[in-house]
Amino acid sequence: MEIDKIKAYELSDDLLSKVEAYIEHNYEPPIIEPAEPPQHYHYPPVLSDAGMGSRVAESAELYDSLLMDEVPPELLPEEEKKPKRKKARKPRKKKVSLDDAVANLGESFQERLLRMIDERDLTDPEVYEKADLDRKLFSKIRCNKDYVPKKKTVVALAVALELNMDDARDLLASAGYALTNNNIFDVIISFCLENGIYDIYEVDVLLDKYGQPMLG
């Protein structure tokens, strides 16, 4: 992204006030759990050999008495007199093999991106230029099915394709990313997508205004 264009780009007061209101309403700062105080363990006193022997003898005697004692049926609670029904076994879930799981992963990021480009009758140059991406980077995405770019690159492509929130979330999810409410960058991107702001320079100016990394 050219710095001169960023400096020359002016945001309207109305847009800034809308962004401020959106952030205030949607941003949820991450909760930081306080560190737990160190726990002190109290160990039982060590018994002497004599003391340990008497303890073992007492335990053995108690165990024998429990084995020998039989509670008369008339003293059993009512619920224990009734024969217990065997619980029906739940059917076991069919195990899914690793090969089946891999085969059903769905569209890769590359496949989803290229499909979205075709559905909009766009050319590769139209997309990567509007996203302010390098041609070599876009070529790497097109030629390598397993390549996953950085999150900001995926967001830039979503903006270039002028995706709505649902489609943008799907594209991000196919690359293993998501838009959350506990990150200012994500909240600003969500605002732009929801309000149809697809000018990459305008999006970058908003991000830069709040000290966030720019897309280009």
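Residues numbered from 1 in each chain as written. Predicted model: local features only at pLDDT ≥ 70, side-chain atom pairs only at ≥ 80, totals over all residues. Heavy atoms only, no water.

### Details of the overall build of the protein
Applicable threshold: Going along the chain from the N terminus, every DSSP run of H or I of four or more residues is numbered as a helix, and every run of E of two or more is numbered as a strand. For the exposure calls, accessible area comes from a 1.4 Å probe over protein chains only, and a residue counts as buried if that area is under 20% of its type's maximum, exposed if over 50%, partly exposed in between. We call two residues contacting when some pair of their heavy atoms lies within 4.5 Å.
Tallying secondary structure elements over the protein gives twelve helices and zero strands in all. Order of helices (α) and strands (β) in the protein, N terminus to C terminus: α-α-α-α-α-α-α-α-α-α-α-α. Looking at the protein as a whole, 28% of its 216 residues qualify as buried. Taking the intrachain contacts of the protein between residues at least 6 apart in sequence as the baseline, contacts between residues at least 24 apart amount to 69%.

### With respect to the environment of Glu107
So the rule is basically this: As used in this structure description, the phrase polar contact means that two N or O atoms lie within 3.5 Å; if the pair is within protein, one of them must be able to donate a hydrogen and the other to accept it, and residues adjacent in sequence are counted only when both atoms belong to side chains.
In this fold, Glu107 is placed in the loop between helix H5 (98–103) and helix H6 (109–119). Sequence spacing of Glu107 and Ala175 is 68 residues, and the spatial spacing of their C-alpha atoms is 9.9 Å. Side chain to side chain, Glu107 and Arg115 meet in a polar contact 2.7 Å long.

### Description of unusual backbone geometry
One non-glycine residue, Asp121, lies in positive phi territory at about 55 degrees. Structurally, Asp121 is set in the loop between H6 and helix H7 (124–130). Classification of Asp121 as exposed rests on a relative accessible area of 69%. The backbone of Glu162 shows a phi angle near 55 degrees, a positive value even though the residue is not glycine. With respect to the helices and strands, the residue Glu162 is situated in the loop between helix H9 (151–160) and helix H10 (165–174).

### Comments concerning the environment of Thr153
Structurally, the position occupied by Thr153 is in helix H9. Classification of Thr153 by relative accessible area gives buried; the value is 8%. Dropping the residues within four chain positions of it, Thr153 is found in contact with Leu133 and Leu137.

### Overview of the environment of Leu11
Its place among the elements puts Leu11 in the loop between helix H1 (3–8) and helix H2 (13–26). When the C-alpha atoms of Leu11 and Glu202 are compared, they prove to be 7.8 Å apart, with 191 residues separating the residues in sequence. For Leu11, the contacting residues outside a window of four places in its chain are Leu16, Glu202, Val205 and Leu206.

### A word on H6
Since the α-helix packs 3.6 residues into each turn, any two residues three or four apart lie on the same face. Burial in H6 covers these residues: Phe109, Gln110, Arg112, Leu113, Leu114, Met116 and Ile117. Looking at the buried positions of H6, the neighbouring elements they touch are H7, helix H8 (135–143), H9 and H10. At the exit of H6 stands Asp121, carrying a positive phi of roughly 55 degrees.

Worth remembering: the numbers are spatial, not functional.
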